[in-house]
Amino acid sequence: MKVLGGISAQAFLNRYWQKSPYLVRQAFAGIPAPIDGDDLAGLATEADVESRLVTANSWQLRHGPFFEDDFAQLPEQDWTLLVQAVDQWIPEVAELFEHFRFLPAWRLDDIMVSYAAPGGGVGPHFDQYDVFLIQMEGKREWRIGQDCTENDDCREDTELSILSEFHEQERWVLEPGDMLYIPPGVAHWGTALTPGLTFSIGFRAPSTAEVLTDFSHYLADKSSEFERYQDADLKERQKPFALMPADIDRVQQMLQEVAGDRTAIAQWFGRYMTEPKYDRPVPEEPLFSQQELIMELERHALHRNLASRLAYVPGTLFINGEALDTTLPEQDLEWLCQQKILSSNLPDSKALLALLTELVNRDAFYFDEP
Ligand code: SIN
Ligand code: CO
């Protein structure tokens, strides 16, 4: 694969994914930056968009939204503007996900874009997530440091997570079109050599604590008050204050029953991994009936909303944290999730039409004209 420097996706996964940094020269050669620094600055003035300005060396952090004046007052060097989830706002940026289809789509999180003046960067740090850094414009020097653990302290004189110690292992200058993969926990430090744009393709990986918390909420909502600790086989107690092994066994049994329920795990995981990064308004009333959808499709094409998150298991399609029951066969679910544009010559399937109507009413597909 070109984006992987000519090695196969499986070779990349075996050798580098979650294991070791990997530099690909000219992975994105010939692919123009979908936005420029001015577009990014424009986004950072929007109230709904998460943005930050970081000053290098003093490691000062300011949160957006910003005013145009804020940018006019910036010095010639040593600052970076970072905008989170640009894929949510600009479909041409979301298109970059298409280069990473060898990975589960629901592992992708967002695309952060940074514009840095010479000397700008966010300092030596590590992230908890995998990231592909694509240099789209300008030159940026990346230093790779140690594999970090809980013992790697951060500086206390800044609210940014800047490592107190950085042990350089490697150093590369990325030019436009180059890409660098960095696994979770690996220290890295980017510094702009010339003004430029870096696109960070970020991933999702819940911590054990997040899995426990969210899964238990999901189960708790579904469970009945009648499902309860039971001890019909209780034996007379000699030591009434003791928690006996049989008592612990009963609780362990309750926990094992829920942890062993693969259907519940899949139903929860699909919802969890497709939850939007930021809350999105969902229309209260359905916009289209199935009949209206067919009529509208005669006149307009349907476009996939690239910002919506999809995943499926047999019988269920997950869309932005919700689960839709469906009888659509698995290969058709995969086909539907991969479509970017649909027209009236759809496969003839009641299940497909029903599902598509639900998806349009959830803004996962939209007509090219209002
Ligand atoms: C940046 O784009 O400046 C930061 C990206 C990163 O280090 O994760
Ligand atoms: Co980072």
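The sections below set out a description of the structure shown in this document. (Residues numbered from 1 in each chain as written. Chains lettered and ligands numbered in written order. Predicted model: local features only at pLDDT ≥ 70, side-chain atom pairs only at ≥ 80, totals over all residues. Heavy atoms only, no water.)

Turning our eyes to something else, we now look at the pattern of salt bridges. If you walk through the whole model with that rule in mind, you get 18 salt bridges. Between Lys277 and Asp109 there is a salt bridge; the shortest N-O distance is 2.8 Å. With Lys277 in the loop between α7 (262-273) and α8 (290-299) and Asp109 in strand β5 (residues 108-116), this pair connects stretches of sequence that are 168 residues apart. A relative accessible area of 31% places Lys277 in the partly exposed class. (Salt bridge = Lys/Arg side-chain N within 4 Å of Asp/Glu carboxyl O. Helix = DSSP H or I, 4+ residues; strand = E, 2+ residues; numbered from the N terminus. Buried < 20%, exposed > 50% of the residue type's maximum accessible area, 1.4 Å probe, protein only.)

Once that is clear, we can look at the site of ligand 1. Taken together, Leu82, Met112, Ser114, Val122, His125, Asp127, Leu133, Arg140, Trp142, His188 and Ser200 form the complete shell of residues around ligand 1. Asp127 is positioned such that a nitrogen or oxygen atom in its side chain is 3.3 Å from an oxygen atom of ligand 1. The fraction of the free accessible surface of ligand 1 (260 Å²) that becomes covered by protein chains is 95%. Counting only elements with at least two residues in the shell around ligand 1, the list comes to β5 and β7 (140-147). (Near = heavy atom within 4 Å. Polar contact = N/O pair within 3.5 Å; in protein donor to acceptor, adjacent residues only side chain to side chain. Areas by Shrake-Rupley, 256 points an atom, 1.4 Å probe, with all protein chains shown as cover.)

Right, let's talk about the coordination of the cobalt ion (ligand 2) for a bit. Distances from the cobalt ion (ligand 2) to its protein donors, His125 (NE2), Asp127 (OD) and His188 (NE2), fall within 2.0 to 2.1 Å. Mapped onto the sequence, the donors of the cobalt ion (ligand 2) take the spacing H-x1-D-x60-H. In this pair, His125 sits in the loop between β5 and β6 (131-137) while His188 sits in strand β10 (residues 186-192), placing the two residues 63 residues apart along the sequence. A single burial state applies to His125 and to His188, both of which are buried. (Donors = N, O, S within 2.8 Å, 3.2 Å for Na, K, Ca; no water.)

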